[in-house]
Amino acid sequence: MEKLSLDQLLLMVKDMPVLPESIHQILRLTEDPDSTVQDIEREILKDQSLASKVLRLANSAYYGYPRKIGTISEATILLGFQAIRSLTLASSVNKLLIQELPGYGLKKYELWRQSQSCAIVSRMIARKIKFKNPELAYVAGLLHDIGKVILNHYVAKRYQEIMEKVKNENKSFLEAEREILGFDHSQVGAKLAEKWNFPPELVEAIAYHHVPENASILPVLVSIVHIADVIVMFMGIGMGADGMAYLVSDFALQTLQIDEVQLQQWISEAADLLSDSRSFDI
Ligand SMILES: [Fe+2]
């Protein structure tokens, strides 16, 4: 069987769901410093399920606000534009992440759980190293494996060949994906992020989450997602078929200025954070 060509890949991405215009509008507004809270409220109210998530988050124990938050504009002020942005994106991609992906040995909800965990740990790391936009780290962590949703069908068809390469030739699942299919899930995910008009640093974080040394726009963001992905893998969350094949990048450790001891520390802090189910509300 032939490998996929770039044209076939682009066709696959073309068939992928588009984000609703209201989501794009919220993403634009939350990036624009001249937007008002009322502008954002108006857009959020067009999406009932998003509106209820915003209110639920604003009233969650995490924010510990003493009074009940009843309107979207109050919630927007409390949460901040960046948190609204990541919530909007998360709510729009959740449906894609929830599905079962037999090609990757992932049951229903496993990719979602893994992606949410990576997002939460990415934000934890971002705060620790005082990265300027922890919510961007959250979104990058959430979307890093989105390409698996598209590639799943093709991986499933050629699963035996991929696994044989992994076993007999000592390749990583990622290398086997690329050699057998012509593309791996990080390249496909980056194409989808481009299609969705995501900012270049987010496209880059998806493209290079397994090879952070290839980053040129914002290597810190790529390194955060890489280390968060490794931490989540170490913890065995939603491991699937390709789980153990990842190595920690020295480049990422250096970029974040941490050593193995620090990494161990982060792993145990991440374990605490992820064992608290409230972490998954945000
Ligand atoms: Fe990945």
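The structure this text deals with has already been given above.
Throughout what follows, the structure given in this document is the object of discussion.

Concerning the coordination of the iron ion
Put simply, a metal with four donors set out as a tetrahedron has ideal angles of 109.5 degrees, and one with six donors set out as an octahedron has ideal angles of 90 or 180 degrees. Of the protein atoms, only Asp145 (OD), His185 (NE2), His209 (NE2) and His210 (NE2) coordinate the iron ion, at distances of 2.2 Å. One can describe the donor arrangement at the iron ion as irregular, given that its 4 donor atoms subtend angles of 81 to 168 degrees at the metal. Look at where the donors of the iron ion fall in the sequence and you get D-x39-H-x23-H-H. Here Asp145 is found in the loop between α8 (134-143) and α9 (147-157), whereas its partner His185 is found in helix α12 (residues 185-195), with 40 residues between them in sequence. According to the relative accessible area criterion, Asp145 is buried, its value standing at 1%.

Focus on a negative patch on the surface
Taken together, Glu213, Asp250, Asp259 and Glu260 make up a surface patch of like negative charges. In this structure, Glu260 sits in helix α16 (residues 260-275).

A word on unusual backbone geometry
Positive phi outside glycine occurs at Tyr109, with the angle close to 80 degrees. Inspection of the secondary structure assignment puts Tyr109 in the loop between α6 (81-98) and α7 (110-128). Residue classification places Tyr109 among the partly exposed residues on the basis of a relative accessible area of 45%. Of note, the phi angle at Lys130 is positive, near 60 degrees, even though the residue is not glycine. Relative to the assigned elements, Lys130 resides in the loop between α7 and α8. Take Lys130: its relative accessible area is 72%, and that puts it in the exposed class.

So, the pattern of salt bridges
For the structure shown, the criterion picks out 14 salt bridges. With a closest N to O distance of 2.5 Å, Lys128 and Glu269 form a salt bridge. Of this pair, Lys128 sits in helix α7 while Glu269 is found in helix α16, placing the two residues 141 residues apart along the sequence. Residue Lys128 is classed as partly exposed on the basis of its relative accessible area of 34%. Classification of Glu269 by relative accessible area gives partly exposed; the value is 26%. Linking Lys191 and Glu194 is a salt bridge whose minimum nitrogen-to-oxygen distance equals 3.7 Å. Here Glu194 and Lys191 lie together in helix α12, a separation of 3 residues that amounts to about one turn. On the basis of relative accessible area, Lys191 is assigned to the partly exposed category, the value being 26%.

Observations concerning the packing of α7 against α8
Packing of α7 against α8 leaves a shortest axis separation of 7 Å and a crossing angle of 155 degrees. On the basis of their axis angle, the class for α7 and α8 is roughly antiparallel. Read as a crossing pair, α7 and α8 show a hand that is right-handed. Along the contact surface, α7 presents Ser115, Gln116, Cys118, Ala119, Ile120, Ser122, Arg123, Ala126 and Arg127, while α8 presents Pro134, Glu135, Ala137, Tyr138, Gly141 and Leu142. Taken together, the residues of the contact of α7 with α8 break down into 8 nonpolar, 4 polar and 3 charged.

Section: the nonpolar core
The nonpolar side chains of soluble globular proteins are, as a tendency, buried together. Ranked by size, the top nonpolar core spans 76 residues in total, and within it Val121, Ile125, Phe198, Ile227 and Ile231 carry the most contacts. Broken down by element, the residue count for this core peaks at 9 residues, all from α7. Discounting chain neighbours no more than four positions away, the residues touching Phe198 are Leu19, Leu27, Leu89, Leu143, Ala193 and Val203. Counting residues in each nonpolar core, the second largest holds 16 residues, with Leu29, Ile40, Ile44 and Leu87 among its members.

What to know about the packing of α6 against α7
At a closest axis distance of 7 Å, the pairing of α6 and α7 adopts a crossing angle of 135 degrees. Comparing their axes, α7 and α6 come out oblique. Here α6 contributes Asn94, Leu97 and Ile98 to the contact with α7, which in turn contributes Leu111, Trp112, Ser115 and Gln116. Broken down by class, the residue content of the contact of α6 with α7 amounts to 4 nonpolar, 3 polar and no charged.

With respect to the packing of aromatic side chains
Counted under the stated rule, the structure contains 3 aromatic pairs. Arranged with centres 5.8 Å apart and planes meeting at 45 degrees, the rings of Tyr104 and Phe173 form a pair that is tilted. Placement of Tyr104 in the loop between α6 and α7 and of Phe173 in helix α11 (residues 173-181) is noted, with a sequence separation of 69 residues between them. Its relative accessible area of 0% is what places Tyr104 among the buried residues. With relative accessibility at 2%, the residue Phe173 sits in the buried group. Relative to Trp112, the ring of Tyr109 lies with its centre 6.3 Å away and its plane at 90 degrees, an arrangement referred to as edge-to-face.

Analysis parameters
Residues numbered from 1 in each chain as written. Predicted model: local features only at pLDDT ≥ 70, side-chain atom pairs only at ≥ 80, totals over all residues. Heavy atoms only, no water. Donors = N, O, S within 2.8 Å, 3.2 Å for Na, K, Ca; no water. Tetrahedral: all angles 85-135°; square planar, octahedral: opposite > 155°, others 65-115°. Helix = DSSP H or I, 4+ residues; strand = E, 2+ residues; numbered from the N terminus. Buried < 20%, exposed > 50% of the residue type's maximum accessible area, 1.4 Å probe, protein only. Patch = residues over 30% accessible without salt bridge, like charges linked within 9 Å, V, L, I, M, F, W, Y side chains within 5 Å. Areas by Shrake-Rupley, 256 points an atom, 1.4 Å probe, with all protein chains shown as cover. Salt bridge = Lys/Arg side-chain N within 4 Å of Asp/Glu carboxyl O. Lys, Arg positive; Asp, Glu negative; His and termini not counted. Charge placed at Lys NZ, Arg CZ, Asp CG, Glu CD. Axes fitted to C-alpha atoms, helices over the stretch in contact; angles between N-to-C directions. Parallel < 35°, antiparallel > 145°, perpendicular 65-115°, else oblique. Left-handed = near helix turned anticlockwise from the far one by under 90°. Contact = heavy atoms within 4.5 Å. Nonpolar A, V, L, I, M, F, W, Y, C, P; charged D, E, K, R; others polar. Core = buried A, V, L, I, M, F, W, Y, C linked by side-chain atoms within 4.5 Å. Phe/Tyr/Trp six-rings, centres within 6.5 Å; stacked < 30°, edge-to-face > 60°.

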